[in-house]
Amino acid sequence: MFDKLEIMQMARAMASHAALRQNAISQNVANADTPGYAARDVANFADTYESANDEKLKATRPSHLNSDTHFSAQITSRRDAGAMSPNGNSVSLEEEMVKGVEVKQQHDLALAIYKSSMNILRTSLGRA
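Residues numbered from 1 in each chain as written. Predicted model: local features only at pLDDT ≥ 70, side-chain atom pairs only at ≥ 80, totals over all residues. Heavy atoms only, no water.

1. Section: the overall build of the chain
Counting its regular elements, the chain contains three helices and two strands. Counted from the first residue to the last, the chain has its helices and strands arranged as α-β-α-β-α. Burial analysis of the chain (128 residues in total) assigns 30% to the buried set. Considering only intrachain contacts with a sequence separation of at least 6, the fraction spanning at least 24 residues in the chain is 72%. (Helix = DSSP H or I, 4+ residues; strand = E, 2+ residues; numbered from the N terminus. Buried < 20%, exposed > 50% of the residue type's maximum accessible area, 1.4 Å probe, protein only. Contact = heavy atoms within 4.5 Å.)

Here it is in structure tokens:
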């Protein structure tokens, strides 16, 4: 029942996006010395979530239209980002460290949204 709330779907999508981006960052760090490796990243969450929601019409009740919101993001190569090393590798460990912090903040925000929403639901049900 509560998994159909838009705020819960957004929190889940944000946490999934953070996990996918952390995966891309860890692959970049693991391949920092691999010749010819192109650094990878995931598109911004706001852009990805908006494009996923723009394709669907808003439903006023569960039986009206398809109410499932599907979020999908992909890891893509980013060859043009930054300077390349002489062996053709485009990974910058400094940039990956900064991105790792951004991902942690995004994941913490998703958890805070979920926790706050659950507290509001509990309060509304008189179970605070």
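2. Examining the packing of helix α1 (residues 6-30) against helix α3 (residues 93-124)
It is the contact of α1 with α3, at a shortest axis distance of 9 Å, that shows an interaxial angle of 160 degrees. Of the possible angle classes, the one that applies to α1 and α3 is roughly antiparallel. In this structure, α1 meets α3 at a crossing whose hand is left-handed. Considering only residue class, the contact of α1 with α3 consists of 17 nonpolar, seven polar and four charged. (Axes fitted to C-alpha atoms, helices over the stretch in contact; angles between N-to-C directions. Parallel < 35°, antiparallel > 145°, perpendicular 65-115°, else oblique. Left-handed = near helix turned anticlockwise from the far one by under 90°. Nonpolar A, V, L, I, M, F, W, Y, C, P; charged D, E, K, R; others polar.)

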